[in-house]
Amino acid sequence: MRVALFATCLVDAMAPPVAKATVTVLGRLGCTVEFPLSQTCCGQMHTNTGYADMAAPMVKNHLETFEPYEYVVTPSGSCAASIRHQHPWITRDYLDPELVDRVEALGNRTYELSEFIVNVLGVTDVGAVYPHRVTYHPACHGTRTLGLGELPLKLLHEVRGLELVELPEAAGCCGFGGTFAIKNADVSSAMLADKVHHILTTGAEACTAVDASCLLHIGGGLSRNRTGVDTIHLAEILASTETDPTVTAANGGQP
Amino acid sequence: MTATAGSGPIPVDPPRATNTGHLHGRPFPAAARVALGDSQLRRNIGKATHTIRDKRAIVVDELADWRELRAAGAAIKDATMARLDTYLEQLEEQVTAAGGVVHWAADADEANRIVIDLCRRAEATDVVKVKSMATQEIRLNEALADAGISAWETDLAELIVQLGHDMPSHILVPAIHRNRAEIREIFNREMGKVGRPAPSGLSDEPAALAEAARVHLRQRFLSTDVAISGANFAVAETGTVMVVESEGNGRMCLTLPRTLITVMGIEKLIPTWRDLEVFLQLLPRSSTGERMNPYTTMWTGVTEGDGPQEFHLVLLDNGRTAALADPEGRAALRCIRCSACLNVCPVYERTGGHAYGSIYPGPIGAVLSPLLTGVEDNTSLPFASSLCGACYDVCPVAIDIPSMLVHLRTKVAALPEKARTPERQLMRALAWVMSSPSRWTRSIRSMGLGRFLARNGRFSSMPPPISGWTATRDLPAPPEQSFRDWWAARAPEDGAS
């Protein structure tokens, strides 16, 4: 199966291991992964800050880049949600209403990673080995806007050696919210403080999620407080095997 | 019922809210900072919202057809809004036929003038009040006081707020920010100044506090001739107005005085009696987490020898038609003021209601307040959300609050005074980079150099605007190589461009 990877701007620039892990997992499951280099950003940051007009050229570039592919997979619930639910109205209001059908069609064949593996490939055991104590944060947009529900947990349950510990108040937002973390830094920090507190009560070595953005935020709080607890993207856990384990700061690697 | 095109066009320039002191305040980030530092407030609100949140979840899960009820509630409200003018005239006809008098108020100022005139005609110097958001919105108590008329709140929580010279901080539980020790103190200090004092040796047991309020209020009910209420619903086909409540104090106000004045937002209308079947299931479960509220009072005009002998219904616009005229905003008029969205909101839970500066706080307040005032008078509230979506999940009439917030943010960013902000310049520069694959590739390649400025692989202090982030959070150093450069080096033939 030929699959286009939409890495997201954040992963491309700040968290390449997440995209590499996505390529590894999909490859192991028999997919031929392509990374069209003309991709940039889904425009979500601009859209959610009130600059949908500025996001419009990014939306157009996204359509032109990914339209040739039958499947688009992205390691982000938030960006998948933006592509599916925001790109159509941005196209209608700021690009060309005639393009909306094509944009919607692309949105419908764009999948968040766990959604793609479980619902499209029909796989829950990806052959991963990750012998660590991990807690899972259900990132808001993936859980609520995409309706991922238990999909990421289904994958985690099948990972050999992984001890999954339940996160108290798991459904609570970590406080990232894009520019919210800067425009309302105090409220955002208060939300993060509680999230960090709940993670620490689990005794987990790392917190995982389907979004690198939430993990950047949560990881920022864990690191600032020198908690020794790390963040790891779901893709990185799924890519990890006996012979090629994923190494993070929390399990002996270098940050 | 089906939504049909409205029978009359929406006015070209509908009126905005006036007397807006209770609909906006100082910028949210600054007000929130103060609230976040109040540990008592944080504890009171956190505890109360979690309790109601959990109760709601249990009673909503009991109903197998909740999803259908929610869709029906949204559809009935949408269909009503599509023909609001027709239904409002039908309501006026029915209320008038039943012996009531209907008044039309374009904005807060007009509504307050109407109520003051009615009080003066009844020669009232004191009025009792049923808990009402509409009268808080228009600052009726303040307008009455300026006219020499004292308004006495009779809802227990509103009484606590009024005696404490305070503002409501929640739509349903206005005194949610107070704990029982604080309430005891307010009762002891203030009750005697305005009426029957609190009993000596008052404890902070809820039953004792409620009894003190009951005794204090009883005297008011028996000595006051005019009552003022809001309304939860009004049925167009019968002219019936309805108030749902928990305490029975509302029913005292609605039945004992000679004159009853009801101030009702025009969106409270429902077409038929049968529609109540839906809303009386949605509202109590969503608001107090009860299967049914203890008191439901309904009245149709006046009945000779029973209850108020004079009934006035003030239909309030105050920005509602303007909200209706906004295709992306009109769904906010579905709101039945249950406050389920406040109780699940991670922002509200930590700041409480006062930080919003509007008597409509929380997620629904962050959309409703700017819709009523116009975004130019409420520029920070649309940003008072992480867009987590918890509000949309619990809304009994399926208002997509996160999408509406994004829509309002777009309106704020388009205001003339925002045309040259540093934020806009920065966003424009980023958009310029991010809409071009070659500029993006070069830009993140040069960003990689930033890692030499990091310590131990992280930044702990950055200049504005990133300083807001690094005040409490580290930022990882950029990697040596972006993913796209790694990919291009690995398999250049796979790249599509």
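Residues numbered from 1 in each chain as written. Chains lettered and ligands numbered in written order. Predicted model: local features only at pLDDT ≥ 70, side-chain atom pairs only at ≥ 80, totals over all residues. Heavy atoms only, no water.

1. Some points on the domain arrangement of chain A
All names here are of chain A. Here is the rule: Domain delimitation in this document rests on an assignment produced automatically or drawn from a domain database. For any pair of parts, buried area is found by adding up, for both, the accessible area (1.4 Å probe) each one loses once the two are put together. By convention in these notes, a salt bridge is any Lys or Arg side-chain nitrogen within 4 Å of a carboxyl oxygen on Asp or Glu. Polar contacts, as used here, are pairs of N or O atoms within 3.5 Å; protein pairs need one atom able to donate a hydrogen and one able to accept it. Residues neighboring in sequence count only if both atoms are side-chain atoms. Numbering of helices and strands starts at the N terminus; helices are DSSP runs of H or I of at least 4 residues and strands are runs of E of at least 2. Under the grouping applied here, Gly and all other residues not named as nonpolar or charged are polar, the nonpolar ones being Ala, Val, Leu, Ile, Met, Phe, Trp, Tyr, Cys and Pro and the charged ones Asp, Glu, Lys and Arg.
Taken domain by domain, chain A comprises domain 1 (2-120) and domain 2 (133-249). Between the C-alpha centres of domain 1 and domain 2 there is a distance of 22 Å. For the pair domain 1 and domain 2, the two sides together bury roughly 1900 Å², of which 72% comes from carbon and sulfur. Across the domain 1-domain 2 interface, the total number found is zero salt bridges. In this assembly, domain 1 and domain 2 are joined by 10 residue pairs in polar contact (both at pLDDT 80 or more). For the side of domain 1 that touches domain 2, the leading source of residues is helix H2 (residues 16-28), giving seven residues. Partitioned by chemical class, the residues of the side of domain 1 that touches domain 2 number 13 nonpolar, 11 polar and four charged.

2. Topic: the packing of helix H3 (residues 66-82) of chain B against helix H12 (residues 276-287) of chain B
Residue and element names in this part refer to chain B. Stated formally: Lines fitted to the C-alpha atoms define the axes, with helices restricted to the stretch that makes contact. Angles between their N-to-C directions range from 0 to 180 degrees. What sets the label is the angle itself: under 35 degrees gives roughly parallel, over 145 gives roughly antiparallel, 65 to 115 gives roughly perpendicular, and the rest give oblique. By convention the crossing between two helices is left-handed if the near helix lies anticlockwise of the far one by an angle smaller than a right angle, and right-handed if it lies clockwise. Note on contacts: a residue pair qualifies if any of its non-hydrogen atoms lie within 4.5 Å across the two residues.
Following both chains from N to C, one finds H3 and H12 inclined at 115°, their axes separated by 9 Å at the closest point. Between H3 and H12, the angle falls in the class roughly perpendicular. Along this stretch, H3 crosses H12, giving a crossing that reads as left-handed. Side by side, H3 and H12 meet where Trp-66, Leu-69, Arg-70, Ala-72, Gly-73, Ile-76 and Lys-77 of the first sit next to Val-278, Phe-279, Gln-281, Leu-282, Arg-285 and Ser-286 of the second.

3. Structural notes on the packing of helix H8 (residues 156-163) of chain B against helix H9 (residues 180-194) of chain B
Residues and elements named next belong to chain B. Two numbers describe how H8 lies on H9: the axes approach to 9 Å, and their chain directions differ by 75°. Judged by the angle between their axes, H8 and H9 are roughly perpendicular. In this structure, H8 contributes Leu-156, Leu-159, Ile-160 and Leu-163 to the contact, and H9 contributes Ile-183, Ile-186, Phe-187, Glu-190, Met-191 and Val-194. Each residue belonging to the contact of H8 with H9 can be placed in one class, and the counts come to nine nonpolar, no polar and one charged.

4. Concerning the sheet that holds strand E2 (residues 126-129) of chain B
Residue and element names in this part refer to chain B. Formally: Two strands qualify as a pair provided DSSP detects at least 2 bridges between them.
Taken together, the six strands give an open sheet; going across it, the order is E1-E10-E7-E4-E2-E3, and neighbouring strands pair in parallel fashion. In the strand order of this sheet, the two ends are held by strand E1 (101-105) and strand E3 (150-153), each with one partner. Neighbour-to-neighbour, the strand axes of the sheet open up by a mean angle of 25°, direction not taken into account. Note that strand E4 (residues 226-229) and strand E7 (residues 259-265) share four bridges and pair parallel. From the neighbouring strand, Ala-227 faces E7, where its bridge partner is Leu-260.

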